[in-house]
Amino acid sequence: MALRLFSKVKVIPDLRNAAFASSAAAPAELSDFDMQHKSPVIRKQQLIPKAHYGGRHAVTMLPGGGIGPECMGYVRDIFRFIGAPVDFEVVDIDPTMDNDDDVQYAITTIKRNGVGLKGNIETKSEAAYVTSRNVALRNELDMYAYVLHCKSFIGVPTRHKDIDIHIIRQNTEGEYAMLEHESVRGVVESMKVVTASNSERVARFAFEFAKKNGRKKVTTVHKANIMKLSDGLFLETSRRMAEEYPEIEHNDMIIDNCCMQLVAKPHQFDVMLMTNLYGSIVSNVVCGLLGGAGLLSGRNYGDHYAVFEPGTRNTGTAIAGKNIANPIAMINASIDMLEHLGHHFHAGLLRRAVNKTVNIDRVLTPDVGGSNSSSEVVDSIIGNIGKS
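Residues numbered from 1 in each chain as written. Predicted model: local features only at pLDDT ≥ 70, side-chain atom pairs only at ≥ 80, totals over all residues. Heavy atoms only, no water.

### Focus: the overall build of the protein chain
Logical step 1: The secondary structure content of the protein chain amounts to eleven helices and 13 strands.
Logical step 2: Long-range contacts, defined as pairs at least 24 residues apart, comprise 77% of the intrachain contacts of the protein chain with a sequence gap of at least 6. (Helix = DSSP H or I, 4+ residues; strand = E, 2+ residues; numbered from the N terminus. Contact = heavy atoms within 4.5 Å.)

### Let's talk about the pattern of salt bridges
Logical step 1: Under the counting rule described, the total for this entry stands at 18 salt bridges.
Logical step 2: The closest approach of N and O atoms between Asp231 and Lys192, which form a salt bridge, is 2.4 Å. You can see Asp231 sitting in helix α6 (residues 230-242) and its partner Lys192 sitting in the loop between β8 (187-190) and α5 (196-212), a full 39 residues away along the chain.
Logical step 3: For the salt bridge of Arg204 with Glu244, the shortest nitrogen-to-oxygen distance reads 3.1 Å. Here Glu244 lies in the loop between α6 and β10 (249-254) and Arg204 lies in helix α5, a separation of 40 residues in the sequence.
Logical step 4: Here Arg204 falls in the partly exposed class, since its relative accessible area comes to 21%.
Logical step 5: Under the relative-accessibility criterion, Glu244 is labelled partly exposed at 46%.
Logical step 6: Where salt bridges share partners, they join Lys151, Asp164, Arg215 and Asp270 into one cluster. (Salt bridge = Lys/Arg side-chain N within 4 Å of Asp/Glu carboxyl O. Buried < 20%, exposed > 50% of the residue type's maximum accessible area, 1.4 Å probe, protein only.)

### A short note on the pairing of strand β7 (residues 180-184)
Logical step 1: As paired elements, β7 and β8 share four bridges and run antiparallel to each other. When the bridges of β8 are listed, Glu180 appears paired with Ser190.
Logical step 2: Counting the residues that bridge the hairpin from β7 to β8 gives two residues, and of these Gly186 lies at a positive phi of roughly 85°. (Pairing = 2+ DSSP bridges.)

### Considerations on the pairing of strand β5 (residues 145-151)
Walk down a regular strand and you will see the side chains alternate between the two sheet faces.
Logical step 1: Within β5, five of the seven residues are buried, which leaves it mostly tucked inside the rest of the structure.
Logical step 2: Where β5 meets strand β6 (residues 164-170), seven bridges bridge the pair, whose relative direction is antiparallel. What sits directly across from Lys151, in β6, is Asp164.
Logical step 3: Inspection of the sheet shows β5 paired to strand β12 (residues 297-301) by four bridges, in the antiparallel sense. Paired with Ala145 across the two strands is Tyr301, which belongs to β12.

### Overview of the side chain of Thr172
Logical step 1: Take Thr172: it is sitting in the loop between β6 and β7.
Logical step 2: Ignoring any residue separated from it by four or fewer positions in sequence, one finds Thr172 in contact with Arg138, Asn139, Asp142, Met143, Tyr144, Asn198 and Asn276.

### Section: the packing of helix α2 (residues 68-82) against helix α9 (residues 328-341)
Logical step 1: As a packed pair, α2 and α9 sit with axes 9 Å apart at the nearest point and diverge in direction by 50°. By the angle class used here, α2 and α9 are oblique. Handedness of the α2/α9 crossing: right-handed. Across the interface between the two elements, Gly68, Cys71, Met72, Val75, Ile78 and Phe79 from α2 touch Met330, Ile331, Ser334, Met337 and Leu338 from α9.
Logical step 2: In terms of residue class, the contact of α2 with α9 is made up of nine nonpolar, two polar and no charged. (Axes fitted to C-alpha atoms, helices over the stretch in contact; angles between N-to-C directions. Parallel < 35°, antiparallel > 145°, perpendicular 65-115°, else oblique. Left-handed = near helix turned anticlockwise from the far one by under 90°. Nonpolar A, V, L, I, M, F, W, Y, C, P; charged D, E, K, R; others polar.)

### Describing the confidence of the model for the protein chain
Logical step 1: Across the protein chain, pLDDT averages 86, with 85% of residues at or above 70.
Logical step 2: This stretch, residues 1-27, has a pLDDT under 50; its non-local contacts, to residues over four places away or in other chains, come to 62 contacts. (pLDDT = per-residue confidence, 0-100.)

### Thoughts on the state of the cysteines
Note on terminology: disulfide describes a covalent bond linking the sulfur atoms of two cysteines.
Logical step 1: If you walk through the whole model with that rule in mind, you get zero disulfides.
Logical step 2: Among the cysteines around Cys258, which has no disulfide bond, Cys259 carries the closest sulfur, lying 5.5 Å off.
Logical step 3: With relative accessibility at 0%, the residue Cys258 sits in the buried group. (Disulfide = S-S within 2.5 Å.)

### Quick notes on helix α3 (residues 101-113)
Logical step 1: Taking 1.5 Å of rise per residue, the 13 residues of α3 would be expected to cover 18 Å, and the 19 Å separating its terminal C-alpha atoms lies within 8% of that figure.
Logical step 2: Taken residue by residue, α3 has Val103, Ala106, Ile107, Thr109, Ile110, Lys111 and Asn113 as its buried positions.
Logical step 3: In the stretch just after α3, Gly114 is the one whose phi turns positive, near 85°. (Expected span 1.5 Å × (residues − 1).)

### Brief notes about α2
Logical step 1: Between the first and last C-alpha of α2 there are 21 Å, a value that for 15 residues agrees with the 21 Å anticipated at 1.5 Å per step.
Logical step 2: All of the buried residues in α2 are Gly68, Glu70, Cys71, Met72, Gly73, Tyr74, Val75, Ile78, Phe79 and Ile82.
Logical step 3: On its buried side, α2 packs onto β2 (56-62), β3 (86-90), β4 (115-118), α9, α10 (344-360) and α11 (374-384).
Logical step 4: Among the residues trailing α2, Gly83 stands out with phi positive, at a value near 70°.

### A short note on the packing of α2 against α11
Logical step 1: One can describe the packing of α2 onto α11 by two numbers: an axis separation of 11 Å at closest approach and a directional angle of 15°. The pairing of α2 with α11 is recorded here as roughly parallel in orientation. The two elements α2 and α11 cross, and the hand of that crossing is right-handed. Contacts between α2 and α11 involve Tyr74, Ile78 and Phe81 on the former and, on the latter, Ser374, Ser375, Val378, Ile381 and Ile382.

### Describing unusual backbone geometry
Logical step 1: Positive phi, normally seen in glycine, also occurs at Asp142, with a value near 50°.
Logical step 2: Within the secondary structure layout, Asp142 lies in the loop between α4 (133-140) and β5.
Logical step 3: Of note, Asp162 is a non-glycine position whose phi angle comes to about 60°, a positive value.
Logical step 4: Topologically, Asp162 is positioned in the loop between β5 and β6.

Spelled out as structure tokens, the structure:
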């Protein structure tokens, strides 16, 4: 299962000739990509051979709308500079289409490549038969777990300091099941689907994640006091799973109180486990606490595929093309992708350069209190490659 995704390899190579070095010098352990594709447990997908050429990986790139295309351009510029062994297959999805042809092609390419990097994909059609492109990708590829690492940037001024929370979100059901109907005129029913199998999968994922990353507590977020059957099932599954991990503390919290506690006392949280809609809400709350939508990256994991994206899934249409969008979230998503593929040397180079740019040099876009343009931030990152 995707539980195997977190046995990380740490490599600290010489920084000389950084732009031309290969990640081949890393220890001969299976990368997360190899683990995911060579030993999946639940075979829900019709698998096709993965595109993998020697030491290089093919990755599906979905620029999406708004600021997505320009941020993807920055990622490609940086990857060329550091010589990252990744070849992007760019797939554009037309948000105005009244069919899912573009999405199905994108899904096929991710199945072929195993990994995707995406911006937020708009769905402008209001036709009931046209599903959300983002939800369709996650559901079709059975990427049932979403991970968002919410860690403070010391270079970004915020009210709360030293926040370090992992949000783990069930990614394929709940209110996002997209099952709605009008039972009689003027009465619309929307179905919230919670299943024992998916609740158990994501709960085990969360506890395994906590165990392998040295985390001490898992908090299950719910509304079981009102939704006694659906959220009740999710909560009961989490409690039962917690019994298998006695070394990890487990508690639970109602979603509305959770949001208040996050704003008032965020340091009480370590790993947070929740259903789909609550994950969307909590992710945006925590991103807001840490500086906004432009910093954090999110990871979508399934048994066979992984897709990396900015953490809040915002399109940013209003600032597209103005050279003021914060590129850090997309760059951080690309770093997560490199680590997943096993290219730890290149990931480390880029992560240290981002850290120096944001936290030491404080080259920041206006959304996080700076005065620099998007391109100036990227230029600073490239200039810091190998210096930190």
